Amino acid sequence: MQLGLIGLGKMGGSMRERLRNAGLTVVGYDRNPELSDVDSMVELVDRLESPRTVWVMVPAGAATRYVIDQLTTLLKPGDIVVDGGNSRWTDDERHAKQLHARGIGFIDAGVSGGVWGLQNGYALMVGGDEEHVDWLKPVFDALKPEGPYGFVHAGKVGAGHFAKMVHNGIEYAMMQAYAEGWELLETVPSVTDVREVFRSWTQGTVIRSWLLDLAVDALDDDEHLEKIRGYAEDSGEGRWTVEAGIDNAVPMPAITAALFARFTSRQEDSPQMKMVAALRNQFGGHAVEAVRKD
């Protein structure tokens, strides 16, 4: 099976490699010519056999809108576009309508796995028509982790990105809980080895998780997180989750508090945000800000 892939950054590049390792033919395009297989989106489309599938892995918002606008004119009826970025689900509905007018299918795919996806596989949450999802099953099977789980057809267009948005909202709350516990342990004088307390929790406890394992990895790199500034960005999906909770009258005190806690990092060097920043770097390769030296 052939696939066009637009956007070969941290995740897109690894996805291309995992797909090729599974025997699929991938033609990749990126604005960085050192990463790209072709010189343009036009050439990418020309290299694919009909019916074509083009997977888009670029930043949400203007960049995704631009790529889909271009594909709307380049692709033909029967082709399919997959938006695998972190687009807002309301954008999916607009893009699906835009492409459908030209006879082009659309799938939104929430993708989780970060920089570890190449090795471990990507959790996939997709939305769209069943016939389009079934057609792309070889692609989903190649990307997802081994075993029966890790892929879900969540519902109609928008459902995949909505599910991924909620996933990221939960992630906010989990990271915040670990960060608060870490700061409290670091603060009290009676606890002298916080890193090993965290490590002990990775076995046999009800709070063990992959995030906890990554927290221990971060502490092994920098035991007291002294090299990291307490600043953590929010990608937007936490805000969208809270807004969706408000729109649907669903109480979300933990996720909302975790989002607002990140705003504290805009004001000062927050110890909790050191841990959140360290975790984001561990699972997603997100940049951290070094401590400023006056």
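Let me begin by describing the structure that accompanies this report.

Okay, the overall build of the chain next. Looking only at helices and strands, the chain has 13 helices and seven strands in total. Here the C-alpha atoms of the chain give a radius of gyration of 21 Å, agreeing with the 19 Å that 2.2 N^0.38 yields for 294 residues. Projected onto its principal axes, the C-alpha coordinates of the chain cover approximately 65 × 45 × 45 Å. In the chain, the proportion of contacts linking residues at least 24 apart, taken out of those at least 6 apart, comes to 69%. Of the roughly 14,400 Å² that the chain leaves accessible, carbon and sulfur atoms contribute 53%. Charge-centre separation for the chain: the mean point of 29 positive side chains lies 3 Å from the mean point of 43 negative side chains.

Turning our attention to the sheet that holds strand β1 (residues 2-6). One open sheet accounts for seven strands, arranged β2-β1-β3-β4-β5-β6-β7; its pairing is mixed. Looking at which strands have only one partner, the edges of the open sheet turn out to be β2 (25-29) and β7 (151-155). Strand-to-strand, the axes of this sheet are offset by a mean angle of 25 degrees, without reference to chain direction. As judged from the five bridges shared by β1 and β2, these two strands associate in the parallel manner. Bridge assignment links L5 to a residue of β2, and that residue is G28. Running over the sheet, helix α4 (residues 89-100) touches β4 (80-83) and β5 (105-112) and is turned about 150 degrees from β5.

The next subject is the nonpolar core. W182, F198, L225, M275 and L279 are the most contacted members of the largest nonpolar core, which has 25 residues in total. Looking at this core, the elements that each hand over two or more residues are α8 (159-187), α9 (194-200), α10 (210-221) and α13 (271-284). Apart from residues lying up to four places away in sequence, M275 is in contact with A179, W182, F198, A215, L219 and L225. Within the second largest apolar cluster, 23 residues are counted, among which are M15, I80, L124 and F140.

Take the packing of aromatic side chains next. Enumeration over the complete set of coordinates arrives at five aromatic pairs. Seen from their ring centres, W55 and F140 are 6.1 Å apart, and the 70 degrees between their planes marks the pair as edge-to-face. Of this pair, W55 sits in strand β3 (residues 53-56) while F140 sits in helix α7 (residues 137-143); the two residues are 85 residues apart in sequence, bridging distant segments of the chain. A residue is classified by how much of its surface remains accessible, and W55, at 0% relative accessible area, is buried. Summarising the aromatic geometry, the rings of W89 and F162 are spaced 4.9 Å apart at their centres and angled 85 degrees between planes, so their arrangement reads as edge-to-face. With W89 in helix α4 and F162 in helix α8, this residue pair connects regions lying 73 residues apart in the sequence. A relative accessible area of 16% places W89 in the buried class. The residue whose ring lies beneath R262 is Y172, and the NZ or CZ to ring-centre distance is 3.8 Å.

A few words now on a negative patch on the surface. Taken together, the side chains of D129, E130, E131 and D134 define an acidic patch exposed on the protein surface. Mapped onto the fold, D134 is located in helix α6 (residues 130-135). Since its relative accessible area comes to 48%, D134 is described here as partly exposed.

The next subject is the side chain of S209. Mapped onto the fold, S209 is located in the loop between α9 and α10. Look at S209 and you get buried, because its relative accessible area is 18%. Within the structure, S209 has its side chain in polar contact with the side chain of Y178 (distance 2.8 Å). There is a polar contact of 3.1 Å between the side chain of S209 and the backbone nitrogen of L212. When near neighbours in sequence (up to four residues on either side) are disregarded, S209 contacts M174 and Y178.

Turning to the pattern of salt bridges, a few remarks are in order. What the rule picks out here adds up to 14 salt bridges. Close ionic contact of D37 with R20 constitutes a salt bridge, the shortest N to O distance being 2.8 Å. Of this pair, D37 sits in the loop between β2 and α2 (41-47) while R20 is found in helix α1 (residues 10-21), placing the two residues 17 residues apart along the sequence. Look at D37 and you get partly exposed, because its relative accessible area is 30%. A relative accessible area of 38% means that R20 is categorised as partly exposed. Within this structure, R195, E196, R199, D220 and E223 form a network of salt bridges that share partners.

A word on the packing of helix α12 (residues 253-264) against α13. It is the contact of α12 with α13, at a shortest axis distance of 10 Å, that shows an interaxial angle of 105 degrees. One finds that α12 runs roughly perpendicular with respect to α13. Across from A261, R262 and T264 in α12, the residues of α13 making contact are M273, V276 and R280. Across the contact of α12 with α13, the residue classes break down as three nonpolar, one polar and two charged.

The rules we used
Residues numbered from 1 in each chain as written. Predicted model: local features only at pLDDT ≥ 70, side-chain atom pairs only at ≥ 80, totals over all residues. Heavy atoms only, no water. Helix = DSSP H or I, 4+ residues; strand = E, 2+ residues; numbered from the N terminus. Rg over C-alpha atoms; globule rule 2.2 N^0.38 Å. Contact = heavy atoms within 4.5 Å. Areas by Shrake-Rupley, 256 points an atom, 1.4 Å probe, with all protein chains shown as cover. Lys, Arg positive; Asp, Glu negative; His and termini not counted. Charge placed at Lys NZ, Arg CZ, Asp CG, Glu CD. Pairing = 2+ DSSP bridges. Axes fitted to C-alpha atoms, helices over the stretch in contact; angles between N-to-C directions. Core = buried A, V, L, I, M, F, W, Y, C linked by side-chain atoms within 4.5 Å. Buried < 20%, exposed > 50% of the residue type's maximum accessible area, 1.4 Å probe, protein only. Phe/Tyr/Trp six-rings, centres within 6.5 Å; stacked < 30°, edge-to-face > 60°. Lys NZ or Arg CZ within 6 Å of the ring centre and 35° of its normal. Patch = residues over 30% accessible without salt bridge, like charges linked within 9 Å, V, L, I, M, F, W, Y side chains within 5 Å. Salt bridge = Lys/Arg side-chain N within 4 Å of Asp/Glu carboxyl O. Polar contact = N/O pair within 3.5 Å; in protein donor to acceptor, adjacent residues only side chain to side chain. Parallel < 35°, antiparallel > 145°, perpendicular 65-115°, else oblique. Nonpolar A, V, L, I, M, F, W, Y, C, P; charged D, E, K, R; others polar.

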